[in-house]
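Each chain, written out:
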Amino acid sequence: MGENKVDKQIPECYAQYVRDFLENNWHDFVDCLSENYDDDAEGIAEEIVKALA
């Protein structure tokens, strides 16, 4: 079976809304990332939000 690929690009017109959502739900976002990335979760979250700026 083939894998479903998710587009990792967010259109610029939505980036602000996604960034705001992630910042408003920061602890849940980092907790979700920490399930797979442990110690790097906070840094990864910061890089994602920074990329959306």
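Just above, that's the structure.
Keep in mind that this is a model prediction, so the values were computed, not measured.

**Q** Before we go on, may I ask you to explain a nonpolar patch on the surface in this structure?
**A** Taken together, the side chains of Ile10, Tyr14 and Tyr17 define a hydrophobic patch exposed on the protein surface, amounting to about 350 Å² of accessible area. Relative to the helices and strands, Tyr14 is located in helix H1 (residues 12–24). On the basis of relative accessibility, which here comes to 49%, the residue Tyr14 falls in the partly exposed class.

**Q** Teacher, can you tell me more about helix H3 (residues 41–51) here?
**A** One turn of the α-helix equals 3.6 residues, which is why residues spaced by three or four share an orientation. Looking only at H3, the buried set comprises Ala41, Ala45 and Val49. Projection of H3 onto a plane perpendicular to its axis shows the buried side chains occupying an angular sector of 65°, all on one side. Residues of H3 that are exposed and point over 90 degrees away from its buried face: Lys50 and Ala51. Those residues of H3 hidden inside the fold are in contact with H1 and helix H2 (26–37).

**Q** Just to check I follow, could you spell out the environment of Glu42 for this structure?
**A** Inspection of the secondary structure assignment puts Glu42 in helix H3. Separated by 13 residues in the primary sequence, Glu42 and Phe29 have C-alpha atoms spaced 9.0 Å apart. Setting aside anything within four residues of it in sequence, one finds Glu42 in contact with Trp26 and Val30.

Rules used in this analysis
- Residues numbered from 1 in each chain as written.
- Predicted model: local features only at pLDDT ≥ 70, side-chain atom pairs only at ≥ 80, totals over all residues.
- Heavy atoms only, no water.
- Patch = residues over 30% accessible without salt bridge, like charges linked within 9 Å, V, L, I, M, F, W, Y side chains within 5 Å.
- Areas by Shrake-Rupley, 256 points an atom, 1.4 Å probe, with all protein chains shown as cover.
- Salt bridge = Lys/Arg side-chain N within 4 Å of Asp/Glu carboxyl O.
- Helix = DSSP H or I, 4+ residues; strand = E, 2+ residues; numbered from the N terminus.
- Buried < 20%, exposed > 50% of the residue type's maximum accessible area, 1.4 Å probe, protein only.
- Arc of directions from axis to C-beta.
- Contact = heavy atoms within 4.5 Å.

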